[in-house]
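This is what each chain is made of:
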Amino acid sequence: MNHWKEAASVILVARYLTRPPAKGFDYKVLMLQRSSKTKFMPSASVFPGGVLDKADYSEEWLGILKMAGTTYTGRHGLPTACDKPPILCLDRDSGISNEIALRICAIRETFEESGILLARNANTVPNESNKYRTLNSIADAGIDTAHLKDWQFKVDSDAHNFIDMCKELHIIPDIWALSEWANWLTPTNVRDSVHSGRRYDTIFYICCIDKIPDSSYCTREMVSLKWSTPTEVLGMYYPDKAIWLAPPQVYELSRMQNCTSVNSLHQFSVERRKHGLDRWLPVRINCTDGVLSVLPGDDLYPTYPDLEGKIEPTTLTITMEEAKLNYKHLHRFEIRDFHDCVIISNVSPKHGHLSPLKIDVVPAARI
């Protein structure tokens, strides 16, 4: 029995200033606001993404990838990571590995939800000089915008139409432009109005592009599309309460505050991905004044976390502040309400990753 569905998401970052400012960011990140009518995380501000579809691992992709001159090694020129989470290692008895299928899924869902197509011309053979380049905008692909809008509607209606679109337009999903960034598994015991009991094992990729592209969000699922700096997004969540973010979005945006230039973020993400990832399952612990959502590395994190939700959450008869003072290694969210989700972390990140920065912290120098 599957207790969750596999999903993929793209943290899409675009340069918006030609010259890095003395203070602040020279890039913005794409955020979509979900409709209040959606069953999972209604009204939340999210990165584009969605559930893996059988069309994403169709063997028809082998012929499309062959147009780029890649070999049938199963990896098609992707870099090898030291550690892989389970979602990247699943075997579907298909010529398309889960690692490839999830990248196709992430690109397809980004196109469906935002109209932004991360693709390359089929005759652009990926090599070391262009493997990690993406198209700057839809116009760079030489595709009529109105025609692409028609395809967006078709792909949203049926994921297999993404295959047909790539064949007709002679383009290839730019799987090489995505770098693995994080892997989050929806916590157990979250049968509320936000999650509706649904759980997802989601791989988050990051993709950096040179300019903000044309876009057209899907009105079936979304009510708005906005480009903002990581700090601006967190500011709209924390003090302003103008948007709602799920904890993974809070964490990843807080991480991104370490890199204020798109070049440094891109370089870091490309170099870091060789170290791999762990899957993070937040574990709920009830306190007298709120909920702790503990992460790997925290002293309260279980040695063998309950993946299926068979065990009721632990309850401590102390406050969250007391739980902070009583333990040495902290890696957790302190959650008091939907707009009061604070990251507490004093552990060193694994796999060469970044620690989250508080919203009021601006890095003194770019990495």
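Above this text sits the structure in question.
Student: In this structure, what is going on with the sheet that holds strand S12 (residues 314–315)? I would like to understand it.
Tutor: Either a parallel or an antiparallel arrangement is found when strands of a sheet pair, and the pairing is made through backbone hydrogen bonds. Strand order in this open sheet of 5 strands is S12-S10-S11-S13-S14, and the pairing throughout is mixed. Every other strand in the sheet has two partners, leaving S12 and strand S14 (340–345) as the edge strands with one partner each. Bridge count between strand S10 (residues 283–287) and S12: 2 bridges; the pairing is parallel. Paired with Ile285 across the strands is Thr314, a residue of S12. Sheet strands in contact with helix H6 (residues 247–256) are strand S13 (331–337) and S14, and its direction is about 50° off that of S14.

Student: Is there a simple way to think about the packing of helix H2 (residues 98–114) against helix H3 (residues 145–157) in this case?
Tutor: Where H2 meets H3, the closest approach of the two axes is 9 Å, and the angle between their N-to-C directions is 115°. When the axis of H2 is compared with that of H3, the two are roughly perpendicular. The element H2 and its partner H3 pack so that their crossing is left-handed. From H2, Arg108, Phe111, Glu112, Glu113 and Ser114 reach across to H3, where they touch Leu148, Trp151, Gln152, Val155 and Asp156.

Student: For this particular structure, what's the right way to read the pattern of salt bridges?
Tutor: Counted by the stated rule, this structure contains 19 salt bridges. One salt bridge connects Arg15 with Asp26, and the closest N-O pair in it is separated by 3.9 Å. Taken together, the residues Arg15 in strand S1 (residues 5–15) and Asp26 in the loop between S1 and strand S2 (27–34) connect sequence positions 11 residues apart. The class of Arg15 is buried, set by a relative accessible area of 19%. Arg15 serves as the salt-bridge partner of Asp210, at 3.6 Å between the closest nitrogen and oxygen. Of this pair, Asp210 sits in the loop between strand S8 (200–209) and strand S9 (222–228) while Arg15 sits in strand S1, placing them 195 residues apart in sequence. Classification of Asp210 as partly exposed rests on a relative accessible area of 43%.

Student: Before we go on, may I ask you to explain the environment of His3 in this structure?
Tutor: Relative to the elements of secondary structure, His3 occurs in the segment before S1. For His3, a relative accessible area of 29% corresponds to the partly exposed category. Along the primary structure His3 and Asp201 are separated by 198 residues, whereas in three dimensions their C-alpha atoms are 9.6 Å apart. Ignoring any residue separated from it by four or fewer positions in sequence, one finds His3 in contact with Arg199 and Glu308. At a separation of 3.5 Å, a polar atom in the side chain of His3 contacts the side chain of Glu308.

Student: Quick question: what am I supposed to make of the nonpolar core here?
Tutor: Note that soluble globular proteins tend to have their nonpolar side chains buried in a common cluster. With 51 residues, the main nonpolar core has Leu12, Leu117, Leu118, Phe162 and Met165 as its most contacted residues. Counting residues per element, the ones that place at least two in this core are S1, helix H1 (60–66), H2, H3, helix H4 (160–169), strand S6 (171–173) and S8. Counting residues per element, this core draws most heavily on H2, at 8 residues. Once residues lying within four places of it in the same chain are set aside, the contact partners of Leu12 are Lys28, Val29, Leu30, Ile116, Leu118, Cys207, Ile209 and Trp227. Grouped together as the second largest cluster of nonpolar side chains are 44 residues, Ile11, Phe25, Ile243 and Met256 included.

Each value, and the rule that gives it
Residues numbered from 1 in each chain as written. Predicted model: local features only at pLDDT ≥ 70, side-chain atom pairs only at ≥ 80, totals over all residues. Heavy atoms only, no water. Pairing = 2+ DSSP bridges. Helix = DSSP H or I, 4+ residues; strand = E, 2+ residues; numbered from the N terminus. Contact = heavy atoms within 4.5 Å. Axes fitted to C-alpha atoms, helices over the stretch in contact; angles between N-to-C directions. Parallel < 35°, antiparallel > 145°, perpendicular 65-115°, else oblique. Left-handed = near helix turned anticlockwise from the far one by under 90°. Salt bridge = Lys/Arg side-chain N within 4 Å of Asp/Glu carboxyl O. Buried < 20%, exposed > 50% of the residue type's maximum accessible area, 1.4 Å probe, protein only. Polar contact = N/O pair within 3.5 Å; in protein donor to acceptor, adjacent residues only side chain to side chain. Core = buried A, V, L, I, M, F, W, Y, C linked by side-chain atoms within 4.5 Å.

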